[in-house]
Amino acid sequence: STLLDVDTGAAVPFGYGWVAARVKAAAGTVLADDGEYGLTVWRDAAHIGTKINAPQSEPWAVSGDGRVAVVFDGAATRPSRIDLEQLHATPMVMVPFTEPGEISAALDRRGGRVAFGATRGELIVMTVADGEVLMRQRVTERALTQLVWSPDDRWLAVRDERGWVSLLDVATGARLALP
């Protein structure tokens, strides 16, 4: 199987005959969950995946440069940072949501900041290294289903369950809503 890296146009080999339940890819790196045995990292230079011993549950995210991932434990409350080059998982601080529930996640391009969206529209941006909360904002009363960083990591696109998208300036919290 092969995946296409949309940033570079490179084809990334992805395990012969391998079936994945969930896949995240960036910059020639594929992080895949087979739904049974756990997480595997595939790189464009290798045709064999490497297993990672890390807690996992949805949501999870891969940085734009393909070097860092964030995954959650089964309760989706305790994230872990995975160094995809060293294949090492490190627990992070708990995400300080006001109301727990289903969440979405996105890492910035270098993997230094992670954004989390919650069921009732709460958005939290934290540093990956120490869990410092950089921004906390209620974007809507609806579930935040998808988060995407801009290529320059200045803006965060936030999609809610209705399909509405808000663009947020991460430095100031200023918002521009788009239908």
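Residues numbered from 1 in each chain as written. Predicted model: local features only at pLDDT ≥ 70, side-chain atom pairs only at ≥ 80, totals over all residues. Heavy atoms only, no water.

> Quick question: what am I supposed to make of the side chain of Gln137 here?
Assignment of secondary structure puts Gln137 in strand E14 (residues 133-138). A relative accessible area of 17% places Gln137 in the buried class. Once you skip the residues sitting within four places of it in the chain, Gln137 turns out to touch Gly121, Glu122, Leu123, Leu168, Gly173 and Arg175. (Helix = DSSP H or I, 4+ residues; strand = E, 2+ residues; numbered from the N terminus. Buried < 20%, exposed > 50% of the residue type's maximum accessible area, 1.4 Å probe, protein only. Contact = heavy atoms within 4.5 Å.)

> What should I look at first to understand the nonpolar core in this one?
Generally speaking, a soluble globular protein has its nonpolar side chains buried in company with each other. If you look at the biggest cluster of nonpolar residues, it comprises 16 residues, and the most contacted ones within it are Val70, Val95, Phe97, Leu107, Val114 and Phe116. Every element with two or more residues in this core is listed here: strand E8 (68-72), strand E11 (104-107), strand E12 (113-117) and strand E13 (122-127). Per element, the largest residue contribution to this core is 3 residues, and it comes from E8. Look past the residues within four positions of Val114 in its chain and what remains in contact with it is Val70, Met92, Ala106, Leu107, Ile124, Val125, Met126 and Val128. Ranked by size, the runner-up nonpolar core spans 13 residues in total, among them Leu123, Val139, Leu144 and Leu156. (Core = buried A, V, L, I, M, F, W, Y, C linked by side-chain atoms within 4.5 Å.)

> Is there a simple way to think about the sheet that holds E12 in this case?
By way of backbone hydrogen bonds, the strands of a sheet pair with one another, either parallel or antiparallel. One open sheet holds the 4 strands; their spatial order is E11-E12-E13-E14, and the pairing between them is antiparallel. At either margin of the open sheet sits one strand with a lone partner, and together these are E11 and E14. The sheet shows a mean angle of 15° between the axes of neighbouring strands, taken without regard to direction. Taken together, the 5 bridges between E13 and E14 define a ladder with antiparallel strand orientation. Across the sheet, Ile124 pairs through a bridge with Arg136, a residue of E14. (Pairing = 2+ DSSP bridges. Axes fitted to C-alpha atoms, helices over the stretch in contact; angles between N-to-C directions.)

> Got a minute to help me understand the pattern of salt bridges in this structure?
Two side chains carrying opposite charge are able to pair once their charged atoms lie near each other. Counted under the stated rule, the structure contains 5 salt bridges. Residues Asp169 and Arg154 are paired through a salt bridge, measuring 2.8 Å at the closest nitrogen-oxygen approach. Of this pair, Asp169 sits in strand E17 (residues 165-169) while Arg154 sits in the loop between strand E15 (144-149) and strand E16 (155-160), placing them 15 residues apart in sequence. Residue Asp169 is classed as buried on the basis of its relative accessible area of 6%. (Salt bridge = Lys/Arg side-chain N within 4 Å of Asp/Glu carboxyl O.)

> Help me out: how do you make sense of the sheet that holds strand E7 (residues 61-62) in this one?
Strand order in the open sheet formed by 4 strands is E7-E8-E9-E10, with antiparallel pairing between adjacent strands. Each end of this open sheet is capped by a strand with a single partner; those strands are E7 and strand E10 (88-91). As paired elements, E8 and strand E9 (residues 79-83) share 5 bridges and run antiparallel to each other. Its bridge partner lying in E9, Val70 is registered against Arg81.

> Hey, could you run me through the environment of Pro96 in this one?
Structurally, Pro96 is set in the loop between E10 and E11. Among the residues examined, Pro96 registers a relative accessible area of 29% and is labelled partly exposed. As for Pro96 and Ile124, which are separated by 28 residues in sequence, their C-alpha atoms are 8.2 Å apart. Excluding residues that lie within four positions of it along the chain, Pro96 makes contacts with Glu122, Ile124, Met126, Val133 and Arg136.

> Hey, could you run me through unusual backbone geometry in this one?
Positive phi, normally seen in glycine, also occurs at Asp153, with a value near 65°. Of the residues examined, Asp153 reaches a relative accessible area of 8% and is grouped as buried.

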